[in-house]
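# Topology and contacts: notes
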Amino acid sequence: MSKYYKVKVSVKVEDEKGKIKKQNEEHLAFAVSCVDAETIVTKKFVDEGYNLDFTIVSVSETKIVSVL
């Protein structure tokens, strides 16, 4: 049974002055397991071209039943 998982991601972004800074983001993935949620988020970031500029910090199951 699929559930919603919260995936915390640390992304390296460049600011206006050209410095590289870490930015933390949270993504919600509809998946069957933590590993599946991690795979979904990784695929999204790779497809968008982030390749090596992100790190998955944690994956946790949520109590969210549905998104309306």
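Scroll up to find the structure this text is about.
Residues numbered from 1 in each chain as written. Predicted model: local features only at pLDDT ≥ 70, side-chain atom pairs only at ≥ 80, totals over all residues. Heavy atoms only, no water.

Moving on, we get to the nonpolar core. Y5, V7, V9, V11, A29, A31, A37, V41, F45, F54 and I56 together form the largest nonpolar core, which totals 11 residues. Mapped by element, the contributors of at least two residues to this core are β1 (3-14), β2 (20-31), α1 (34-47) and β3 (54-61). Looking at this core, the element that brings in the most residues is β1, giving four residues. Excluding anything up to four places from it in sequence, I56 contacts V7, K8, V9, E38, V41 and T42. (Core = buried A, V, L, I, M, F, W, Y, C linked by side-chain atoms within 4.5 Å. Buried < 20%, exposed > 50% of the residue type's maximum accessible area, 1.4 Å probe, protein only. Helix = DSSP H or I, 4+ residues; strand = E, 2+ residues; numbered from the N terminus. Contact = heavy atoms within 4.5 Å.)

Moving on to the side chain of S10. Looking at the secondary structure, you find S10 in strand β1. Since its relative accessible area comes to 12%, S10 is described here as buried. Ignoring any residue separated from it by four or fewer positions in sequence, one finds S10 in contact with K22, Q23, N24, D53, F54, T55 and V57.

What follows concerns the environment of T39. For T39, the location among the structural elements is in helix α1. Once the C-alpha coordinates of T39 and K21 are considered, the two residues, 18 residues apart in sequence, prove to be 24 Å apart.

Where strands meet in a sheet, backbone hydrogen bonds hold them as pairs that are either parallel or antiparallel. Taken in spatial order, the three strands line up as β2-β1-β3 in an open sheet, and their pairing is antiparallel. The outermost strands of the open sheet, each flanked by one partner alone, are β2 and β3. Here the average twist between neighbouring strands, direction ignored, is 20°. Note that β1 and β3 share seven bridges and pair antiparallel. Its bridge partner being in β3, K8 is matched across the sheet by S58. (Pairing = 2+ DSSP bridges. Axes fitted to C-alpha atoms, helices over the stretch in contact; angles between N-to-C directions.)

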